[in-house]
Structures are given as structure tokens and as C-alpha cells.
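Structural characterization, general
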Amino acid sequence: MSEVQRTGGPGAIRLLARRFRTQLAAQLGIAAVVLIVCITGVITSIGLDLASAVGGRELLRDAPASQASLAVQTGLAADGSAQDAAMRSVFAQRFAGIPIQITRTVSVPPADLISGGNGTGSVDPAAPRVLLEADPDLLSAARVVSGEWPAVEQSTVPGPLAAAVQADAAELLGIGVGDPLVVAISSRSVSLLVSALWEPRDPAASRWHGDPAPASGSTLDGVGPVILEENDLVTVPVPATVRWVVAPRIDAIEPGAIDRLARASDADGISEDIDRSGGIGVGGVSVDGGLADSAAATGQALAGARGISGIPLALVAALAIAALVQLGGLLASSRSTEAVVVRARGASSRQLLAAAVLEAAVVCLPSAAVGGLLGGVLGVPAAAAMLGTAHSDPSSSALDSSLGSALGLSIGLSAAIGVLSVVVVVASTGAGWWSRSTGAARGVPAGRGLAIATALAVLVAGVAVAQLVGAGRDAAGAVAAGAPVLAAVAGILLLIIAVRPLAAAVARRAAGARGLDVVTAARLIARQAGAFPAILLIAALSSGAMTMGAGIIGTAVSLDTRTADALAGADVRASYAVQGTVSDRSRPITAGAAGELDGVRSATIALSTTATVGPDTLQLMALPARAPASGSGLRALDAGTPLTELRILVRTDAPAERPGAVAISAWLADDDGALARVPLGAAVLSLTRTAGVELSAPLPAASPHWRLLALDAELQASPGAAPVEVTLTSSDLAVGEIGAVHLSSPRPSARALVLSSAVAELPVRLSRAAAARAGLRVGDGFEVALSTGARIPARVEALADQIPGTSSPRAALVDLPTLDAAMLAATGPILQAAEVWVGTDSPDAVAGAIVRSADQPVDVVTRRTASVGAVLDPTLDVLLIGMLAAGAIGGVGFGAATRIRARRSAEEGRILVALGRSHRSERRSSAALIAVVTGYGLLAGSIAGAAAAAICGPVIARLAVPVTALPGSVSFAASGLAGVLLLVVLTALIIVLQSGDAPSSARGGRRGRPATAGPS
């Protein structure tokens, strides 16, 4: 009977323990691999789950209020309650299963303020108008500054209506708690009594839908809101408007609901549902808001994260299998003699298999359990660290909710990994025993199997890469994760196949050399290339994983950074919802108020529009040439000296009997290029023939410095085809005589340009992509067609890789004051600059201050809010963890592979030593052989990983940064490259240790100790 057959109970345990101790290093290696895989798998899964939950919510939370909600507006029906119920039914059906909040407000047209406060005064034309609203849920989003919130019962009490006034609006009106407020609307006075002052808890909350009044207390239409009970408000004899604002409850929404949120927020679909429901729309229904676009962009970012998330798992799995196979082979190589002896003593194959399974289970399953436990314990804190959030932060509520799921995930994943590792170890050990005991491996052409595996890998990788590149942003997560890994593996296998011819070529070139260990190693590799695939594969996989991961991380981070810079343009970018063109009624957007905020270094205005060059449409950005974002080399217009006053002398040659008048408007620009059109009034023709008529107007208060660019003259109520010559002269000596224009009934208007503002050609800095598309070079002239239809002659001043303020590859940058002058010369509508770009070290604080001080709707973007880093950064952290884990597993597998190689070469070494070769020479030759093979593997892996990153990295980066229109450029993260260097050091250390151990065996053989021995 064999020892296995004779031993039972405690004896079997003692046998297993003795067998375990004989190969403690291999067993610990298996345990380490399983432990690392479990910890990595659990942390990765938890981290990605939380990145999706917390990061997706952060992206929605960072969107401007008008882009994070939608508003439905219509007239208030006679039965407001039924109308509201019908509207909420539509929302309930469309947003089923999606947590949303609905805010309903009722408003009337702005009311006039009556002076005196007792109802006996008259309308004050100089006072601002008052905004009256009803908002039943306001207290949930506002705090009472002073006074008491009006109760519903107060609306039934005779006398003034109780009102709650926004605190800043009350300051503008000069009223406080207890003061009367009388307004007139539709020729009827309404008496109010201020019972409370309030302010919003979050002025940028999506429930306001970008309305500036709750934050600043004023808009261009008036001051307020002044909140009344709806029953009181509807008694005002004017048509009322009702608005529903729908916004997701961001702290409660799950990642899986974001795509459905995007579909449910479609404006056309909502309008159709409202039409079908009936009883909602009164005088038409409008649906606006960018919630659908924001949710779609967030969903695409989450899809990109899911695509990247599979990469670390694939890397760890590939290296874990390779390492476990090598560790199983190490066990087999150490027990080949034992297997033969035990079988000779009567043990069956089934008993050997049972012993192998039991041994593997004893090693793998506890390791998996410990790994799963550590992964579950460390997973949530590690994810919290990656997300940069604390458990007490409301945005990290998903962290606490994931504690329970982390336990279940760790148990399931560790069990699966434990079972799979047992199977791999048993299979590799059994295969090694079988081949060594039967000699089945001798004479088997190892290169043929490698060639077949390489061909299949190249084919599969080619299909996956083609699908990834072809699908682009529509690529599935499995394709995005599998394509780069398969491409790297295919490249590694190709380079491993190439090792034999490369080594042979090196050996031929150094055929005459003697005593060079590297040359000797090359000859051995050329003759025995099939003996090194394990070392080559593990070394190459490890370095390939590091290099590929570094490329994907670097490319994604670079693209996200460049996209955020392009979309923001500056530290803070505020876009105001104003009329698109300048008119007499429009108020210029200037940078003065933003420049006075605390912490602001610079502030300037900007204009963003589209333009056409030939058949192509490009994004046109206009900034003052002196603005920091404009860079250098952009030629600016010399606009002349600022005005001290605005007085224009009008003289004509009209006959005294010619009826009518000539109206004059002045075009002014400030230092940044903000435009204002100021009406100066009209001069009667009969008075302008001799001394002329002087017209004047105050300079706009929005900016301290204004320059005169042009004057518009219009003939009014003056029939007759005979032309009238109008001569215009400024009283400002720096401007002087402007020129003359000719007016007539067929051509009643004309524009006189100030000579200093004349522009022959518009200097343009063109993006290289736009220049290549249009076939333009520096110095070439071309024509720009603006969105207003104006056609402006231009010349390419310079080329740039990227134009600030836009992620479009085809874009152009011009000086804003020069563009103003060019638009005035081209006639037609004049575009209004509606953006303010701010340079600051405190972008979030300045962005909040801009929102709180705005009196018109504004969307504010910073580099942080323009980035998808809330989702991308933790995902890339997970990828980095996977890379490091893969490197660690690769180190364990590499140690096992080199150990197997050392044992296989032990007999050759003993023979060579017996023939007279020194121990030192044998040790150096063995180390050189392993070093050359390892060095080639590391280099091959780095090349294959870099190639996979270059091919797939830009596509994956664009998948992870869906808001970009920029091309992805390959970049390598320093952390990944540092991992490659660390891997080189680790493999060198292993080689040194293995080479130090190999000759000792040879010495032991020479001392007479048997090289092989059966069981005692």
C-alpha cells in the first residue's frame, strides 16, 4: 500500500502538512495571487459602483440650473387644481421610477409701484416694477430672514394682502417687515403688507431654473419676487401664468435611471403628452431647459466609465491565470519524482487528483476568504478616498448604502475566485505531473501551439479593435474593455514568436565573439526558444499592463483637461441669456461688476457665435486681444480716445420747407468691446440748415470708458426723393467731424463710421483643423459669413492648435473691438457679446457670487464643472489599482516561472560544472540568460502596451469624455511609467535571488548529496 493508502485521519493531515511545508514558497505564492485578485476585484467593483452613483450625481449637480431642469409654462386655467393634477399625471407617467421634484409657481405681469404706500399716490415712473408670484413650496427652499411667514388663513382677513418679499428686493424697494406696499396692475391698485423677508437656501438650485430674481432680488423686468397666496394672486384682473419646473432629486437618483431621465426629459415628447392629455395648455405651452442634454451627457460619461472599468479586471485576470499556471507548474516540477514513486507504490490517479484538489483547496479557499474579507472592509474606504468624499457629506450617501452590498459582493466574488483558482492550480499541477511521469511532453512542438494561439489572438484583437474604432462613442463597455487588452496580448504574442529569429540574428552577428554571456544567452535562446515562453509571457504581460494602463490614464486625463479648458475658456465663464443682437433697448454686458468681486484677477467679455468659411461652419470666438485667454500675436484695433461726453451736432442741406426730422443713434464700445446703441433723439430738418442742432445723451453707466464707433442717421416723416446731406460732428475734440451721409425716402437710413474704427480686413487666428479644411495659410485672405448674414473680409493672422472657449476642432478667434467695427461697417444686425470670462484662484466662490448678483438668467461654468472628473477620476484610480495589482501578481508569477526554469537547468548546470566549468561562470551565464529573456519580455510588453494605448486610448478617452469635440492625443501618465520602472526593479531583484540560489544546488551535487531522492 502507498503512504496515501496507509495513512488516514490525523496521519493524512500530517502528510498534507508535511507536503505543504516542503513547498511553502509556492503555496504562499498561490495564496498571495488569490488574495490580491480578491481584494482588487472587490475594491474595483465597489469603487466603480460608487463612482457611478456619486460621480453621476455630481455631474448633474454641477450643471447650471437651466441645464439641470426643465420648465413647462402655460396660462393658468380657471380650475388651477385640475390643471395641476393633469400636469402632474403627465410627469408621473413620463418619469415613472425616476425620483423627481416638481415646483409649481404662478405669476402675473410686473406691477407698477405706487408712491406713498397708502394707495392714494400715483404710479412712480422712476421706480422699478414689482414681480408678484405664488409659490406654495417656497419655504422648503428658502429661509425667513425676518418676520413671520404669512399663514394661509391671513388671505381671508380683510385689508392688505400678506406678502413675503425677497430680502434684496426689499432693500431695493426700501421696505421692511410691517411696511405697506401698494402696486398697480391693469389700472387697479393692490395693497400689500410685508409680513416676512426671505432668501433662498441655494440660489443656484435647479428649482429656480436659472431665474435670477430669487438670488439677487431683481431682473430686467423688475424686483422681487413678492410672494402671495395663490388665492390672493388670482384675484388680480390679469391673465396669470403657471410654470412647473421638473428636476431630478439628485441625492436619490441611481446611475441606471439617468439614461431614462434623458429620454423622459425630451421637450418634444413632453409637449406631445400635454397635447394628448388635454386641459393643461391655455394659450399655448412652452417647454424649455437642458435637462435632457445634461442627463444624456452624464449617461455617456457613466457608459465610458463602465468601458474603462473592465480593463483592470481583464488585466488582473490574465496575469492571475498565468501566475497560477506557473505556480501549479512549480508544484508539479518539485513533485515529479514523488508522483512517480507514489504511483509505483500503488496510488491511483484518482487519489493523486484528490490529494491535489485537497491541497489546492486548503491553500486557495482560505486565501480567497481572507481576500474577500479585506476587499469588503477596505473597499468602501478606498472608494471614498478615490471619490474624495466623506461619509458625512450628503453627496456621499451612496457610500453608506453600499456597506451592505459590499459584504455580499465580497462573499460572492471571493467564492468564485477561490473555486476558479483551485481549478487552475489543480489543472496545471496535474498536467505537469502527467507530462513528467509519462514523458508526454517530450517531442511536442511547443512553437506550433504558440503560433496557433498568436494567430487566434491577433484575429480576435483585430475584430475587437475594429469594432471599438468603428463604433466610437457607441461602443459597448465589453468592447471598450476587451479591445485594448486583446490588442496588447496579441502584440505580446507576436513579439514572443519573434524572439527566436531575433536571438538567432544576434548570435550570427556575434558569431566570432567569445566569453560574452549575452551572446551565449542569445545562442541558447535561439536554440531553445520554446523553453522560455512562460518567463517572456509573464514579464511582457506585466509591463504591457503597466504601459497600456499608463497610456489610457494619461490620454483620458489629458483629453478631459483640454476639454474643460476649452469649454470654460477661463477660470469662470458666465453666459447671460440676452437678446442676440444689440438694440436701443438692450443693456450691454460688461466685465466691470465681475472685476470688482473678491479674488478676481481679471475679467473680460466675450462673444461666441458660429460663422461660415466657404461651405464649412466653424465656431467663432471674439475676445479683446489684451485678454489673458487670447494669448499673444492677435492684432487689435486702435479705437481712439474715450469720450468725455456724447454730443453730436447735426447739420443738413435740406430746404427750409422740407418737412420731417433726422433721428441719430450712437454706437459706443467700451475698452473690452461691449457695444451700446444710444438714441440721441431727432433734429427737425428745418432747424438743421444753418447753425445745426445739437443732440446729446448721457453715456451708459455700465462702463466708465466709452468710444464712439459710428452714428446711425434715419430720415423720418420726410417724403420726397431728393437726397438730404447730413453732416455729423462730435463736440469731443478727439473725435471732431465724423462725416456726411445722404438720406432720402427710398434710402432713409445710413451709417457714418468714425475713421479710427475703420477695418479693411478682420485679423483672424484660425485653428489648424479649420485652416486645413479650408486650404488656408497664414497671410491668406478669405471671407467670413456671420450668423447674422453679414459678410466680412478677413485675413489669417496666425494658426493655433486650439481656440479658447470651444472644444470644436474647427474654430477661429478674433479681437472683439475689431469685430465690432467690422460688423458696423458691414451693416445689418450687430451681435451682442453675452459672456464674461473671469480669472481667479477661487472659481467656485466667484461663480456663486456671479449667480447671486445677476439680474438676468446666467449659466456659470468653471473648469471643474466642465470636467467629467467626478466620474472619470475614480474610474482611473480603479484602473491604476488594477495595474498595480497586475504588476504584483506578475511578480509572483515571474518568480515561479524563473524558479521552474532554474530547476530545469539544474541538471545542465551540474553537468557543466562536472566538466570543469566554474560555479561563478555558471551562475553568471544563468543570470545573463534569464536577464536577456526578461529584458526582452519587459521591452516587448511595453511596446505592445504602448501600441494598444495608441490605437485604443484616444477612442476610449472620447468615450469617457462625451462632451468633447477634441481629438484624443496619446499621453502616458507618470504613475504608470513609474510602475514600469518598479516592475523592472522587482524582476531584477528576483533574477538576482534566483541566480544566487541556482549554483548552491550545483555545489550540493559536487559535495556528494544526491541530486534526486525518493521519499525516505
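Here the structure is a predicted model, which means the values were calculated and not measured.

**Re the overall build of the chain**
Looking only at helices and strands, one finds 27 helices and 28 strands in the chain. Within the chain, buried positions represent 51% of all 1016 residues. For the chain, the proportion of contacts with a sequence separation of at least 24, taken over those separated by at least 6, is 82%.

**Digging into helix H4 (residues 80–94)**
Helix length check: H4, at 15 residues, gives a terminal C-alpha distance of 21 Å against a target of 21 Å (1.5 Å per residue), a fit within 8%. All of the buried residues in H4 are Gly-80, Gln-83, Asp-84, Met-87, Val-90 and Phe-91. Buried residues along H4 cover an arc of 120° about the axis, so they all sit on one side. For H4, the exposed residues set more than 90 degrees away from the buried face come down to Ser-81 and Gln-93.

**Observations regarding a negative patch on the surface**
On the surface, a cluster of negative charge is made up of Asp-266, Asp-268, Glu-272 and Asp-275. Residue position: Glu-272 is located in helix H9 (residues 267–277). By relative accessible area, Glu-272 is classed as partly exposed at 45%.

**Concerning the environment of Ile-738**
For Ile-738, the location among the structural elements is in strand S21 (residues 737–743). Once the C-alpha coordinates of Ile-738 and Leu-708 are considered, the two residues, 30 residues apart in sequence, prove to be 10.0 Å apart. Ignoring anything within four residues of it in the chain, the contact list for Ile-738 reads Ile-648, Leu-708, Leu-711, Leu-728, Thr-729, Ser-730, Ala-752, Leu-753 and Val-754.

**Regarding the nonpolar core**
Residues Val-72, Phe-91, Phe-95, Leu-132 and Leu-192 are the most contacted members of the largest nonpolar core, which totals 139 residues. Among the elements that take part in this core, helix H10 (residues 291–334) stands out by supplying 15 residues, more than any other. When residues of this core are sorted by domain, at least three fall in each of domain 1 (23–56 + 299–390 + 417–436 + 456–561 + 869–996) and domain 2 (102–248). Counting residues in each nonpolar core, the second largest holds 54 residues, with Trp-667, Val-784, Ala-812 and Val-858 among its members.

**Regarding the pairing of strand S22 (residues 749–753)**
Here S22 shows a buried face lined by Ala-750 and Ala-752 and an unburied face lined by Ser-749, Arg-751 and Leu-753. As paired strands, strand S19 (residues 707–716) and S22 are joined by five bridges and run antiparallel to one another. Bridge pairing links Leu-711 to Ala-752 in S22.

**Thoughts on the sheet that holds S19**
In spatial order, the strands read S17-S16-S19-S22; together these four strands make up an open sheet with antiparallel pairing. Across the chains shown, the open sheet's two edge strands, defined by having one partner strand only, are strand S17 (675–684) and S22. On average, each strand axis in the sheet is tilted by 20° relative to the strand beside it, whichever way the strands run. Inspection of the sheet shows strand S16 (residues 661–669) paired to S19 by nine bridges, in the antiparallel sense. By the bridge assignment, Ala-663 is partnered in S19 with Glu-714. The strands that helix H21 (residues 816–826) touches are S16, S17, S19 and S22; relative to S22, the one it contacts most, it runs at about 145°.

**Looking at the sheet that holds strand S18 (residues 693–696)**
A sheet is described by the order of its strands in space; here four strands give the open sequence S18-S15-S20-S21, paired in antiparallel fashion. Strands with a single pairing partner mark the edges of an open sheet, and in this sheet they are S18 and S21. Put simply, the sheet's adjacent strands are angled 25° from each other on average, direction ignored. Pairing of strand S15 (residues 647–652) with S18 involves four bridges; the strand directions are antiparallel.

**Remarks on the side chain of Asp-855**
If you trace the backbone, Asp-855 turns up in the loop between helix H22 (843–853) and strand S28 (858–862). Take Asp-855: its relative accessible area is 18%, and that puts it in the buried class. Side-chain polar atoms of Asp-855 contact the side chain of Arg-587, separated by 2.7 Å.

**Here's the deal with the packing of aromatic side chains**
Counted according to the given criterion, the structure contains two aromatic pairs. Consider the rings of Trp-198 and Trp-208, whose centres lie 6.4 Å apart with planes at 20°: the pair is stacked. Placement of the pair is Trp-198 in strand S8 (residues 188–200) and Trp-208 in the loop between S8 and helix H6 (213–216), with a sequence separation of 10 residues. For the cation-ring pair, Arg-207 lies above Trp-208, with the distance from its terminal atom to the ring centre recorded as 4.6 Å.

**Quick look at the side chain of Ser-294**
Mapped onto the secondary structure, Ser-294 falls in helix H10. Taking relative accessible area as the criterion, Ser-294 reaches 13% and is therefore assigned buried. In this view, Ser-294 contacts Leu-60, Ala-63, Gln-67 and Ala-68; residues no more than four positions away in its chain are not counted.

**Considering a nonpolar patch on the surface**
Taken together, the side chains of Val-370, Leu-373, Leu-374, Val-377 and Leu-378 present a nonpolar region at the surface, about 420 Å² in accessible area. With respect to the secondary-structure elements, Val-377 resides in helix H12 (residues 349–387).

**Quick word on the pairing of strand S12 (residues 572–576)**
Most of S12 is tucked away: four of the five residues are buried. Note that S12 and strand S27 (residues 835–840) share four bridges and pair antiparallel. Bridge pairing in S27 links Ala-574 to Val-836. Bridge analysis of S12 against S28 gives five bridges, and the strand direction is antiparallel. Bridge pairing in S28 links Ser-575 to Asp-859.

**Considerations on unusual backbone geometry**
A cis amide bond links Gly-224 to the next residue, Pro-225, at an omega of 0°. By the secondary structure assignment, Pro-225 is in strand S9 (residues 223–227). For His-209, which is not a glycine, the phi torsion comes out positive at approximately 55°. Topologically, His-209 is positioned in the loop between S8 and H6.

**Topic: the pattern of salt bridges**
Under the criterion given, the structure shown has 30 salt bridges. Where Asp-251 meets Arg-61, a salt bridge forms, and the shortest distance between an N and an O atom there is 2.4 Å. Taken together, the residues Asp-251 in the loop between strand S10 (241–248) and helix H8 (258–264) and Arg-61 in helix H3 (residues 24–62) connect sequence positions 190 residues apart. For Asp-251, a relative accessible area of 40% puts it in the partly exposed group.

**Comments concerning H9**
Those residues of H9 that sit buried are Gly-269, Ile-270, Asp-273 and Ile-274. Down the axis of H9, the buried set is contained in an arc of 135°. They therefore lie on one face. Facing away from the buried side of H9 by over 90 degrees, the exposed positions are Asp-268, Asp-275 and Arg-276. Residues of H9 that are buried in the fold lie against strand S1 (70–75), H4, H8 and strand S11 (285–288).

**Remarks on the environment of Ile-114**
The topology assignment puts Ile-114 in the loop between strand S3 (112–113) and strand S4 (130–134). In this structure Ile-114 comes out as buried when scored by relative accessible area, which is 8%. Sequence-wise, Ile-114 and Ala-127 are 13 residues apart; in three dimensions their C-alpha atoms are separated by 8.7 Å.

**Here we look at the layout of surface pockets**
In this structure, the second largest pocket occupies an estimated 1100 Å³ of space. When contributions to the lining of the second largest pocket are tallied by element, the ones reaching two or more residues are H3, strand S2 (100–107), H22, S28 and helix H23 (863–866). There are two domains that each give the lining of the second largest pocket at least three residues, and those are domain 2 (102–248) and domain 3 (572–636 + 759–862).

**Concerning the packing of H4 against H9**
In a packed pair of helices, the relevant descriptors are the angle between the two axes and the axis-to-axis distance. With their axes 10 Å apart at the nearest point, H4 and H9 run at an angle of 130° to one another. With respect to H9, the element H4 is oriented oblique. The element H4 and its partner H9 pack so that their crossing is right-handed. Two secondary-structure elements touch here, H4 through Met-87, Val-90 and Arg-94 and H9 through Gly-269, Ile-270, Asp-273, Ile-274 and Ser-277. Grouping the amino acids of the contact of H4 with H9 by side-chain chemistry returns four nonpolar, two polar and two charged.

Cut-off values and rules
Counting restarts for each chain, with residues numbered from 1 along the sequence as it is written. Local features are withheld for residues below a pLDDT of 70 in this predicted model, meaning they are given only at 70 or higher, and side-chain atom pairs are given and counted only at 80 or more; totals for whole chains, interfaces and linings count all residues. Excluded from the side-chain calculation are hydrogens and water; included are all heavy atoms of the structure. In this text, helices come from DSSP runs of H or I with a minimum length of four residues, and strands from runs of E with a minimum of two, each type numbered from the N-terminal end. Working definition: with a 1.4 Å probe on protein chains only, accessible area under 20% of the residue-type maximum means buried, over 50% means exposed, and in between means partly exposed. Two residues form a contact once any of their heavy atoms are found within 4.5 Å. Helix span is expected to be 1.5 Å times the residue number reduced by one. Here, the arc refers to the directions that run from the helix axis to the C-beta atoms. A residue counts toward a patch only above 30% relative accessible area and without a salt bridge, and it is joined to like-charged neighbours within 9 Å or, for Val, Leu, Ile, Met, Phe, Trp and Tyr, to nonpolar neighbours within 5 Å. The protein chains shown are the only cover counted for residues, whose accessible areas, like all others here, come from Shrake-Rupley with a 1.4 Å probe. Basic side-chain nitrogens of Lys or Arg form a salt bridge, by our definition, when they fall within 4 Å of a carboxyl oxygen of Asp or Glu. Under the counting rule used here, the positive set is Lys and Arg, the negative set is Asp and Glu, and His together with the chain ends is not counted. The location of each charge is read from NZ of Lys, CZ of Arg, CG of Asp or CD of Glu. Here the nonpolar core consists of buried residues drawn from Ala, Val, Leu, Ile, Met, Phe, Trp, Tyr and Cys, with membership extended through side-chain atoms lying within 4.5 Å. These domain boundaries are the output of an automatic or database domain assignment. For two strands to be treated as a pair, DSSP must find at least two bridges joining them. Only the stretch in contact is used when a helix axis is fitted, and all axes are lines through C-alpha atoms; the angle between N-to-C directions ranges over 0 to 180 degrees. Here a polar contact is recorded for every N or O atom pair within 3.5 Å, except that within protein the pair must consist of a potential hydrogen donor and a potential acceptor, and residues adjacent in sequence are included only if both atoms are side-chain atoms. Pairing of aromatic side chains here covers Phe, Tyr and the six-membered ring of Trp, requires ring centres within 6.5 Å, and sorts the geometry by plane angle: under 30 degrees stacked, over 60 edge-to-face, intermediate tilted. Charges are assigned to positions over rings by a cutoff of 6 Å between ring centre and Lys NZ or Arg CZ, combined with an angular limit of 35 degrees from the ring normal. Using a grid of 1 Å spacing that covers the protein atoms alone, one calls a set of points a cavity when a 1.4 Å probe fits there but cannot get out, and a pocket when the set is open and has protein on both sides within 12 Å along at least five of seven lines; lining residues are those with an atom within 4 Å of a point. Grid points are joined across faces, edges and corners, and a volume is the space filled by probe spheres set on the points. Small angles under 35 degrees read as roughly parallel and large ones over 145 as roughly antiparallel, with 65 to 115 read as roughly perpendicular and the rest as oblique. Crossings are sorted by hand: turned counterclockwise from the far helix by less than a right angle, the near helix makes the crossing left-handed, and turned clockwise it makes it right-handed. Here the term charged refers only to Asp, Glu, Lys and Arg, the term nonpolar to Ala, Val, Leu, Ile, Met, Phe, Trp, Tyr, Cys and Pro, and the term polar to all other amino acids, Gly among them.

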